[in-house]
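Breakdown of the fold
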Amino acid sequence: MDLDHHDLPFLIVHGAAVWKLLLVGLVALVALLHGVWRRVHARRAARAAVSALDRETGEGVVRGTLGGEGVGPLASTLIADKGPAHDERAPEIWIETADGRVALEGAIRVVTGSRAAAARNGVPRATSDALLGTAPALHRVRGFWAAKLRVATLVSVAAGDEVIARGRIERTASDEPSDYRVGKAALTLHALEDAPIMLVANTPRVAVPRMSLLATVVLLGLVAGVGYKVELMLGESWRDTCRELAPSYGEPRSDAVENAPIELTNTHACALAAAMPDRRERVLDATLELLERHSYRDAATLRQTLELARFTNNCDRQRRMSYGRYEDVVAEARRCDDRHTEHLALLAQGKLDEAVAIIVPEQADPEGGTISGLPDGAEWIATGHWREAALAADAKADAIRKAPHEARYREAYELQTLHHACLAELFRHYAGDPAAAGRLRALATNRSGACASVLAQIAPAEERRELLKWRSGAIDNAITVDLSWADGANAEPFEIESAEAVLADPTDYATRASGPLIWLARTVPPPGPAAEMMAQVSRLRWQAVGNVFDGDLAAATANANAALALAGPSPHAELAAIAPERERIAKDSEAAHANHDQLVALDQRYKALVQRETVLEKRSELRDVSLLPAVVALYTPATALAFDLGDTSEIGRKLWSHDFARLSLRRGDPVDKDDLGDSEFLAALQAAGAGDGRPLARRIGGVLRTRWKDADVIAVLPRIRIGREAVVRQLTWSRPLQWDLFDHAPLWAPALYAVTRREVLRLAGATDAAAAWDAIYRRFDRVFRDRQRLVALMLWQMAN
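Bear in mind the structure is a predicted one, so any value in this text is a computation, not a measurement.

With that settled, the discussion passes to the layout of surface pockets. The gaps left among the atoms become clear once a water-sized probe is rolled over them. Roughly 670 Å³ of internal volume is contained in the second largest pocket. Along the walls of the second largest pocket sit 26 residues, with Ala 42, Ile 79, Thr 153, Val 155 and Ala 207 positioned nearest its centre. The set of elements that each furnish at least two residues to the lining of the second largest pocket consists of helix H1 (10–54), strand S2 (73–80), strand S6 (108–112), strand S7 (115–120) and strand S8 (151–158).

Have a look at this one:
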């Protein structure tokens, strides 16, 4: 899944710049509006001056087109700091009117001009040198610290401007030759005695000097502060809305919300909040939390979630690990040069040879402590690198030896140290060291049975059988692993969890200890015709589990039925009847204490009862064999399962329901609330068992919701008629969490996880997704079919 930011809203990706641009835009807009307002105000004043002069009547007001000699402005007026005006004019200026030319004599005050300029800290650039010299305070633009004036405006008129002038009219005889008509008189507009000629351009232009630096800073700073405060308020409001949208852990959501993906667009509260200042990281985290807690899952929502995860934490690979996107994790880890995560992602895919090629030294954990180096001993064993595995065992023994221990645990740690030292010599023997076997024997004789299961791997057949009689938990001064069943030294394996319980939920933490028996069963020699029933049944039971893992359900069903036929019906009912029978024999013996014949008969009855009890107790060790065909049927679409609880006692029922409540779910029977998960999740499972899968679809989406398991969904999937597509979609694009899958877990734990994922997706009809998980399982399966490596892994794991 190639990831970029294409599926994320613009405001999520660029929000850090958006609020700044908005603030800058606001400041610029206010500055622009303020400048426009000042210019509009100046225009109104100029138009008012034109209108005032235009309303005047009489001979002193002249309207027309300005003319004169010279190039450029004919008349200009400069006003600096609202002081006295400085006027400048060309020698000859006139106004062409309908009644003839009117000459202008005297000073001319340009009130509004067709040209205008303004400057701060000096006069406008267009000011002539002659006008500049009219007063010592006038000067060109300088720095504000050296300027003698703050602002100056210059307005001027030029030839061709339509103007209005006011002054004093004087008529004189015209110098021009007259025609046959009466001669024309010349007109001159003179300045008044106490004022110059007032002149305005009909279409005035204005210029506004820029604001002072201090005023600009104050204005724009005030606008920026107010704008920032508004953005903060909006951001807080949208942040609250964004946080409220994410449900609490396990909180149920309505169908209207859960049946559709979150539309994370630029108008979403989280996106808007991300484009506001302050706490953007928290907003992005809340948005990611919202996407993850929302149950709806499909390709698009997963892509958006992972893109946001990459965006909020550029090298966040753990989240992809939690979604099972292992190939994506490898790519991301390589992009971020994170060899540790790359190694784990390859390991999760069962690509062990590629994983061990990436050496990662021990490193400090950012959260405290240290992160172990990779590969570990189990990986070296699984890939057949025996020399490296021996060094790992030596390092482990040395670390245990040097670590501080309480006195009461000293013996246990000494045994661990010895066990790893023995393993190191066994691995060197596998690597071809001819002296390793002798060193292993020397170590094993230090304490009786301390390295029995390790030494058995290189011992002759007869000695091997004796060594393998040291069974796990049988002695206090040895660390052993039960390998006797696979070698024929014992009729049945030492089961931490039964084959039936392992198959009911392969990912349960308790099943890990029994996991290797799935592959050991392939190497158990076939029992002969005279073999006791336990040997035959045990082999068939574990082979049935292996058949399911291999995808051969027909063979699994056949082996399960054969095991059940050999074991017979559950002995629990007969065992329960023995105690009352004993009481009856005891009472009869008291009543017949003087009757010899009756006492003999009662004694024979008692011995037969004890013998029968012994047989039944032996059969009862096959705790769950009566359930095996039904557990195998869980991996088929069958819903009419036939099984019997057997032990109907309260304790028996609770033990049974802990492991096998899923059988009741598949059959549609009621299940107690304590059997599977929280009450709401159990209600969703019960609804799915009744045919409605929509509540279940809502509960299994995302990675931060109910702690569901694939085995739970397998139990009810064939019964779902409504909402099946939603359940299938959710299964395809989300997965149950198992955080400790690569945290000191045995190497078969990810294999058990992969096969369970495969089976639930196969039942759901998601063939492509199922095939991907099947490929992972097959890689691990090839390793575990090598008996030498499997046994070495068991010997390594049980002491780590």
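This part takes up the confidence of the model for the protein chain. Note: predicted coordinates in regions of low pLDDT should not be interpreted at a detailed level. Confidence in the prediction of the protein chain, expressed as mean pLDDT, is 86, and 90% of residues score 70 or more. In the model, residues 178–184 has pLDDT below 50 throughout and makes three contacts with residues more than four positions away in sequence or in other chains. Low pLDDT, under 50, characterises residues 249–257; the stretch is placed with 17 contacts to residues that sit more than four places away or in other chains.

Judged by side-chain polarity, Leu 29, Leu 32, Leu 33, Val 36 and Val 40 come together as a nonpolar surface patch covering roughly 410 Å² of accessible area. Here Val 40 shows up in helix H1.

Looking now at the state of the cysteines. Evaluation of the coordinates by the stated rule reveals three disulfides. Across the disulfide from Cys 315 sits Cys 336; the S-S distance is 2.0 Å. For the disulfide bridge between Cys 315 and Cys 336, the dihedral angle about the S-S bond is near -95 degrees, and by the sign convention the bridge is left-handed. Of this pair, Cys 315 sits in the loop between helix H7 (299–312) and helix H8 (318–323) while Cys 336 sits in the loop between helix H9 (326–335) and helix H10 (339–348), and the two are 21 residues apart along the sequence. We classify Cys 336 as buried; its relative accessible area is 18%. Disulfide pairing is shown between Cys 422 and Cys 451; the S-S distance is 2.0 Å. Measuring handedness by torsion sign, the sulfur bridge of Cys 422 and Cys 451 sits at about 85 degrees and is right-handed.

Next up on the list: the nonpolar core. Residues Phe 427, Leu 663, Leu 696, Leu 731 and Phe 784 are the most contacted members of the largest nonpolar core, which totals 139 residues. Looking at this core element by element, the count peaks at 11 residues for helix H30 (residues 748–764). Other than its neighbours up to four places away in sequence, Leu 696 contacts Phe 681, Ala 684, Leu 685, Ala 688, Val 713, Val 716 and Ile 720. Counting residues in hydrophobic clusters, the runner-up holds 22 residues, among them Cys 242, Cys 270, Leu 308 and Ala 309.

Let us now look at the packing of aromatic side chains. Under the counting rule described, the total for this entry stands at 10 aromatic pairs. Geometrically, the ring pair formed by Tyr 326 and Trp 773 is edge-to-face, given 5.8 Å between the ring centres and 75 degrees between the ring planes. Residue Tyr 326 is located in helix H9, and its partner Trp 773 is located in helix H31 (residues 767–784); the two are separated by 447 residues in the primary sequence. Trp 773 matches Tyr 326 in its accessibility class, with the two residues each being buried. Relative to Phe 427, the ring of Trp 386 has its centre 5.5 Å away and its plane inclined at 35 degrees; by these criteria the two rings are tilted. Pair noted here: Trp 386 is in helix H13 (residues 386–402) and Phe 427 is in helix H14 (residues 410–430), with a separation of 41 residues, a long-range link.

Here we take up unusual backbone geometry. Note that the residue after Leu 374, namely Pro 375, is joined by a cis bond; omega there is 0 degrees. Locating Pro 375 in the fold gives a position in the loop between strand S14 (370–371) and helix H12 (377–382). The backbone phi angle of Lys 82 is positive, close to 55 degrees, even though this residue is not glycine. Within the secondary structure layout, Lys 82 lies in the loop between S2 and strand S3 (85–89).

Before going further, it helps to spend a moment on the packing of helix H3 (residues 213–245) against helix H6 (residues 280–293). The description of two helices packed together rests on the angle between their axes and the distance between the axes. Closest axis-to-axis distance for the H3/H6 pair is 8 Å, and the angle between their directions is 25 degrees. In terms of orientation, H3 lies roughly parallel with respect to H6. For H3 against H6, the interelement crossing comes out left-handed. Every residue of H6 that contacts H3 at Arg 239, Cys 242, Arg 243 and Leu 245 is listed here: Val 283, Ala 286, Thr 287 and Leu 290.

Rules used in this analysis
- Residues numbered from 1 in each chain as written.
- Predicted model: local features only at pLDDT ≥ 70, side-chain atom pairs only at ≥ 80, totals over all residues.
- Heavy atoms only, no water.
- 1 Å grid on protein atoms, 1.4 Å probe; cavity = no way out; pocket = protein on both sides within 12 Å on 5 of 7 lines; lining within 4 Å.
- Points joined across faces, edges and corners; volume = space filled by probe spheres on them.
- Helix = DSSP H or I, 4+ residues; strand = E, 2+ residues; numbered from the N terminus.
- pLDDT = per-residue confidence, 0-100.
- Contact = heavy atoms within 4.5 Å.
- Patch = residues over 30% accessible without salt bridge, like charges linked within 9 Å, V, L, I, M, F, W, Y side chains within 5 Å.
- Areas by Shrake-Rupley, 256 points an atom, 1.4 Å probe, with all protein chains shown as cover.
- Salt bridge = Lys/Arg side-chain N within 4 Å of Asp/Glu carboxyl O.
- Disulfide = S-S within 2.5 Å.
- Buried < 20%, exposed > 50% of the residue type's maximum accessible area, 1.4 Å probe, protein only.
- Core = buried A, V, L, I, M, F, W, Y, C linked by side-chain atoms within 4.5 Å.
- Phe/Tyr/Trp six-rings, centres within 6.5 Å; stacked < 30°, edge-to-face > 60°.
- Axes fitted to C-alpha atoms, helices over the stretch in contact; angles between N-to-C directions.
- Parallel < 35°, antiparallel > 145°, perpendicular 65-115°, else oblique.
- Left-handed = near helix turned anticlockwise from the far one by under 90°.

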